[in-house]
Amino acid sequence: MNEKYIDLLHQTTQYSINYIKNIDTMEVFPKSLKELNHLEQKLPQKGSEAKEVIQFLNHIGANTTTAMLGGRYYGFVNGGLLPVAHAAQWLTDTWNQNSALYAMSPFTSKLEEVCERWLVELLGLQQGTAAGFVTGSSNAIICALAAARNTLYQKQGYDIIQKGMKNAPQIKVVFSEDIHSTVKSALTILGFGQEDMIMIPTNEYGIVDLKYMPTLDSKTLVIIQAGNVNGGTFDPIDEICNLANKAGAWIHIDGAFGLWAAASKKQKHWTEGIEKADSCSTDAHKTLNAGYDCGIVFCKHRKALTSALMTNGAYIPYGEQRDNMLYTTEMSRRARSIAVWAVLKHLGKEGVEQLIDSLCDYAEYFAQKLVKCGFHLVIPVCFNQFLIQCDTDENTKKVLQIVQNSGVC
């Protein structure tokens, strides 16, 4: 059986190598998706040989996947995959560690502890800040806001864990009208309604206008945007944090890609004041290019995070060492911190800074070239993004159609 297993891995390795070799010449978005029709099969009564399954999978996938690994992919706010992260993910799959408890995997427990410390230092967060490794920033927001909700109720003398939401006092939630949709989704999941939400108007760049900021108090959850998905802009973090801290409100920063600006001396001015927030969320699979999936939740109040997410059971042996499941909504999960650790070890502080600066420099380069070509810069370069349009909406749509149909940017 071991020989078959090893042969299967060799086969898969060769397929992977061939895919990487062709990544720079393959279509960014596949022009033909006919191969996907071969997936329309009934559930087989009898199984197939493993090698045949992988061969079939590669035949379909190698021709119909989007070339997100390549340098010509510019769709959405997706990250790439650093070679060291790719290799670390292969090891992660081979080791197949369940990262829930120290008793299950001391290795991943220690690795998350180290990654937590490194990331807190890298981003300039308050020493002792807790970090949890989740699927993406969408889940990280849920984790952080669960801690925020419970803490704000606790300040009012209400124990949500004992009493539930039925008779809970109101918490006011304040955020930008241009906030990412995942924030609203997280709030709904956590039991907040439209009547709890106050959306602050933004200026033409998508930045909150502070003159519309409502009165804040200790019953308020304030959510700040670090990197608007439509143009890269940042809310005035330091100013809002000062107002919210004075009022005793909970501050959360949604920084899926933008939080990484804090790791660059040239770009950290965008994130000035993040250490004053109570919680933050980001993605390592975006700017850090650690591969999918890896979101990170940070919380200054460790006990608030772990108590909000704790699961108890006679079969769960919590110990004195770090038990990773206390920092996420998941128990059974892959060891995402392995790839993050590998990237941080490989790049170091200077390498991460260079990576971030290069992304921002390229944004400046593209913006300048496109302006020279006659495009109108709607939102100037902010961190690693900008927004352009043509002279008319009709021409903008035509250009977008040409770019999308070409499959290459």
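Whatever comes next refers back to the structure up there.
Keep in mind that this is a model prediction, so the values were computed, not measured.

**Quick look at the pattern of salt bridges**
Line of reasoning, step 1. On inspection of all chains with the given rule, the structure shows 15 salt bridges.
Line of reasoning, step 2. Its salt-bridge partner being Glu 112, residue Arg 322 comes within 3.1 Å of it at the nearest N-O pair. On the criterion of sequence distance, the pair formed by Arg 322 in the loop between α9 (302-309) and α10 (337-372) and Glu 112 in helix α4 (residues 106-123) is long-range, its members being 210 residues apart. With respect to burial, Arg 322 and Glu 112 carry one shared label: buried.
Line of reasoning, step 3. The partner of Asp 293 in a salt bridge is Arg 336, with the nearest N and O atoms 2.9 Å apart. Residue Asp 293 is located in the loop between β6 (279-283) and β7 (295-299), and its partner Arg 336 is located in the loop between α9 and α10; the two are separated by 43 residues in the primary sequence.
Line of reasoning, step 4. With relative accessibility at 28%, the residue Asp 293 sits in the partly exposed group.
Line of reasoning, step 5. Put simply, Glu 112, Glu 116, Arg 302, Arg 322 and Arg 333 are held in one network by salt bridges that share partners.

**Structural notes on the side chain of Thr 306**
Line of reasoning, step 1. By the secondary structure assignment, Thr 306 is in helix α9.
Line of reasoning, step 2. A polar contact is formed between the side chain of Thr 306 and the backbone oxygen of Lys 303, at a distance of 3.3 Å.

**Comments concerning unusual backbone geometry**
A negative phi angle is the norm for most residues apart from glycine, just as the trans form is the norm for most peptide bonds.
Line of reasoning, step 1. Look at the link from Tyr 292 to Asp 293: it is a cis peptide, with omega at -10 degrees.
Line of reasoning, step 2. Here the phi dihedral of Asn 96 falls at roughly 50 degrees; this positive angle occurs in a residue that is not glycine.
Line of reasoning, step 3. Among the secondary structure elements, Asn 96 is positioned in the loop between α3 (83-95) and α4.

**So, the state of the cysteines**
In protein chemistry, a disulfide is the covalent bond that joins the sulfur atoms of two cysteines.
Line of reasoning, step 1. Scanning the model with the defined rule gives zero disulfides in all.
Line of reasoning, step 2. Between Cys 382, a cysteine without a disulfide, and Cys 360, which holds the nearest cysteine sulfur, the sulfur-to-sulfur distance is 9.0 Å.
Line of reasoning, step 3. Owing to a relative accessible area of 5%, Cys 382 belongs among the buried residues under this scheme.
Line of reasoning, step 4. In this structure Cys 390 is a free cysteine whose sulfur lies 11 Å from that of Cys 373, the closest cysteine sulfur available.
Line of reasoning, step 5. Given a relative accessible area of 12%, Cys 390 falls into the buried group.

**Topic: the nonpolar core**
Line of reasoning, step 1. Counting 55 residues, the largest nonpolar core has Leu 119, Ile 253, Trp 260, Ile 296, Phe 298 and Val 340 as its most contacted members.
Line of reasoning, step 2. Among the secondary structure elements, those contributing two or more residues to this core are α3, α4, β1 (130-134), β4 (220-225), α8 (237-247), β5 (250-254), β7 and α10.
Line of reasoning, step 3. With nine residues, α10 is the largest single contributor of residues to this core.
Line of reasoning, step 4. Every residue in contact with Ile 253, bar those within four places of it in the chain, is listed here: Ile 224, Ala 226, Ile 237, Leu 259, Ile 274, Ala 277, Ser 279, Cys 280 and Ser 281.
Line of reasoning, step 5. One finds Leu 152, Tyr 158, Ile 160 and Cys 299 within the second-largest nonpolar core, a separate group that totals 35 residues.

**Focus: α10**
Line of reasoning, step 1. Over its 36 residues, α10 extends only 43 Å from the first C-alpha to the last, a length that falls short of the 52 Å expected when each residue adds 1.5 Å.
Line of reasoning, step 2. Maximal helix bending in α10 amounts to about 95 degrees, located at Gly 348.
Line of reasoning, step 3. Phi for Gly 374, located one or two positions after α10, is positive at around 105 degrees.

**Structural notes on the sheet that holds strand β2 (residues 172-176)**
Line of reasoning, step 1. Across the sheet, seven strands lie side by side as β1-β7-β6-β5-β4-β2-β3; this open sheet has mixed pairing. For this open sheet the edge positions go to β1 and β3 (197-200), each flanked by a neighbour on one side alone. Ignoring which end each strand starts from, the neighbouring axes of this sheet average 20 degrees apart.
Line of reasoning, step 2. Two strands pair when backbone bridges link them, and β1 and β7 are joined in this way by five bridges, in the antiparallel orientation. What sits directly across from Val 134, in β7, is Gly 295.

**Here's the deal with helix α5 (residues 137-155)**
Line of reasoning, step 1. Over its 19 residues, α5 runs 27 Å from end to end, which matches the ideal 27 Å to within 8%, given 1.5 Å per residue.
Line of reasoning, step 2. Counting buried residues along α5, 16 of its 19 residues qualify, which places the element largely inside the surrounding structure.
Line of reasoning, step 3. Once α5 finishes, Gly 157 follows within two positions and takes phi at roughly 75 degrees, a positive value.

**Regarding the packing of α5 against helix α7 (residues 181-189)**
Line of reasoning, step 1. Between α5 and α7, the shortest axis-to-axis distance is 9 Å and the interhelical angle comes to 45 degrees. With respect to α7, the axis of α5 lies oblique. When you trace α5 past α7, the crossing you get is right-handed. Of α7, the residues touching α5 (which contributes Ser 138, Ile 141, Ile 142 and Leu 145) are Thr 182, Val 183, Ala 186, Leu 187 and Ile 189.

**Points about a nonpolar patch on the surface**
Line of reasoning, step 1. Together, Phe 29, Leu 33, Leu 36, Leu 39 and Phe 56 line one region of the surface with nonpolar side chains, adding up to about 430 Å² of accessible area.
Line of reasoning, step 2. Mapped onto the elements, Leu 33 comes out in the loop between α1 (2-22) and α2 (50-64).

**Some details on the environment of Lys 172**
Line of reasoning, step 1. Residue placement: Lys 172 occurs in strand β2.
Line of reasoning, step 2. Measuring from C-alpha to C-alpha, the distance between Lys 172 and Asp 361 comes to 39 Å, with 189 residues separating the pair along the chain.
Line of reasoning, step 3. With residues up to four places along the chain from it excluded, the contact list for Lys 172 reads Asp 196, Ile 198, Thr 215, Asp 217, Lys 219, Thr 220 and Leu 221.

Conventions used here
Residue positions are given per chain, counted from 1 along the sequence in the order it is written. Owing to the predicted nature of the model, reporting of local features is limited to residues with pLDDT of at least 70; listing and counting of side-chain atom pairs is limited to 80 or more, with chain, interface and lining totals taken over all residues. Only hydrogens and water are set aside; all other atoms, that is, all heavy atoms of the structure, feed into the side-chain values. Counted as salt bridges are all cases of a side-chain nitrogen of Lys or Arg within 4 Å of a carboxyl oxygen of Asp or Glu. Labels follow the DSSP assignment, with helices taken as runs of H or I lasting at least four residues and strands as runs of E lasting at least two, numbered in each case from the N terminus. Note on classification: 1.4 Å probe, protein chains only; a residue is buried when its accessible area is under 20% of the maximum for its type, exposed when over 50%, partly exposed between these limits. In the analysis that follows, any N or O atom pair within 3.5 Å is treated as a polar contact, provided that within protein one partner can donate a hydrogen and the other can accept it, and provided that, for residues neighboring in sequence, both atoms belong to side chains. The definition used for a disulfide is geometric: two cysteine sulfur atoms within 2.5 Å. Residues belong to a common nonpolar core when they are buried Ala, Val, Leu, Ile, Met, Phe, Trp, Tyr or Cys residues joined through side-chain atoms within 4.5 Å. It only takes one pair of heavy atoms within 4.5 Å for two residues to be counted as in contact. Multiplying one less than the number of residues by 1.5 Å gives the expected span of a helix. A residue's bend is the angle separating two fitted axes: one through the seven residues that end there, the other through the seven that start there. Pairing between strands requires that DSSP locate at least two bridges from one strand to the other. To get an axis, fit a line to the C-alpha atoms, keeping to the stretch in contact for a helix; angles then go from 0 to 180 degrees between the N-to-C directions. Note that the term roughly parallel is reserved for angles under 35 degrees, roughly antiparallel for angles over 145, roughly perpendicular for angles of 65 to 115, and oblique for everything else. Two helices crossing with the near one rotated counterclockwise from the far one by less than a right angle form a left-handed crossing, whereas a clockwise rotation gives a right-handed crossing. Patch criteria: residues need more than 30% relative accessible area and no salt bridge. Like-charged residues are merged within 9 Å; nonpolar side chains of Val, Leu, Ile, Met, Phe, Trp and Tyr are merged within 5 Å. For accessible areas, the Shrake-Rupley method is used with a probe of radius 1.4 Å. Any residue's cover is judged against the shown protein chains and nothing else.

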